[in-house]
Amino acid sequence: MAQAKHSSQAILMATIVVAILLIVVVWPLSMMGKGSAPAAANDEAEARIQPVAKFELASAPAAKSDGKPRDGATVYNSVCMACHGSGAAGAPKAGDKAAWAPRIATGMPALLKSATNGKNAMPPKGGAADLTDAELKGAVEHLVGLSK
Ligand code: HEC
């Protein structure tokens, strides 16, 4: 009886010691892992992959539910707006007349060529490889129309 009581006390003591060790040693160690330096590195990494993440977003195929060609506004809203709506990736913003005037001045064929083949940070067809030439043209015309 006395023996049993003694060993249960020993177990209790051991449990307390382990708990204290966990609190004093392991917890601060795990907190250190979440310190400010690694968090900053994460932010930086996030900032670096952001254009890629946005590109992924843009490259999602536009909905083509009924197989009919999508009009310019539909294509613009689902594909091009990701960059041209906000100026992401350095894209000339829709409606920014000053940014668009010199580009519009190069003429529709030149704009279409850039849109088809890509230009610097602008991916070919805005990343939506399934766009037909007519759909892409409609989107360029819509974008230019917003920016004149
Ligand atoms: C991933 C971002 C992104 C997407 C999506 C995107 N663009 Fe762009 N676009 C750009 C950037 C950046 C530029 C500026 C390129 C430069 O002049 O350096 C640009 C420029 C353009 C230009 C001007 C080209 C020139 O010759 O000056 C046109 C036209 C254009 N985009 C049309 C579109 C159309 C249409 C879509 C949708 C089908 C689209 N873009 C989707 C980023 C994007």
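This report concerns the structure included in the present document. Values in this document were obtained by computation on a predicted structure and should not be read as measured data.

## Overview of the overall build of the protein
- Looking only at helices and strands, the protein features 6 helices and 0 strands.
- Counted from the first residue to the last, the protein has its helices and strands arranged as α-α-α-α-α-α.
- Here the protein holds 148 residues, and 21% of them are scored as buried.
- Across the protein, contacts joining residues at least 24 apart in sequence account for 56% of those joining residues at least 6 apart.
- With the model as given, the accessible surface of the protein reaches about 9,900 Å², and the carbon-plus-sulfur share is 67%.

## Focus on the packing of helix α3 (residues 72-84) against helix α6 (residues 133-147)
- Two elements in contact, α3 and α6, have axes separated by 8 Å at closest approach and are oriented at 65 degrees. Classified by the angle their axes make, α3 and α6 are roughly perpendicular. The handedness of the crossing between α3 and α6 is right-handed. In contact with Gly 72, Ala 73, Val 75, Tyr 76, Cys 80 and His 84 of α3, α6 contributes Glu 135, Gly 138, Ala 139, His 142, Leu 143 and Leu 146.
- Looking at the contact of α3 with α6 residue by residue, the classes come out as 7 nonpolar, 4 polar and 1 charged.

## Quick word on the coordination of the iron atom of the ligand
- Here the iron atom of the ligand is held by His 84 (NE2) and Met 122 (SD), and the distances to it run 2.0 Å.
- In this structure, the iron atom of the ligand is coordinated by 6 donor atoms arranged in octahedral fashion, with angles at the metal of 86 to 179 degrees. Highlighted residues: His 84 in helix α3 and Met 122 in the loop between α5 (108-117) and α6, separated in sequence by 38 residues.

Reading guide: rules and limits
Residues numbered from 1 in each chain as written. Predicted model: local features only at pLDDT ≥ 70, side-chain atom pairs only at ≥ 80, totals over all residues. Heavy atoms only, no water. Helix = DSSP H or I, 4+ residues; strand = E, 2+ residues; numbered from the N terminus. Buried < 20%, exposed > 50% of the residue type's maximum accessible area, 1.4 Å probe, protein only. Contact = heavy atoms within 4.5 Å. Areas by Shrake-Rupley, 256 points an atom, 1.4 Å probe, with all protein chains shown as cover. Axes fitted to C-alpha atoms, helices over the stretch in contact; angles between N-to-C directions. Parallel < 35°, antiparallel > 145°, perpendicular 65-115°, else oblique. Left-handed = near helix turned anticlockwise from the far one by under 90°. Nonpolar A, V, L, I, M, F, W, Y, C, P; charged D, E, K, R; others polar. Donors = N, O, S within 2.8 Å, 3.2 Å for Na, K, Ca; no water. Tetrahedral: all angles 85-135°; square planar, octahedral: opposite > 155°, others 65-115°.

Just distances and angles here, no functional claims.
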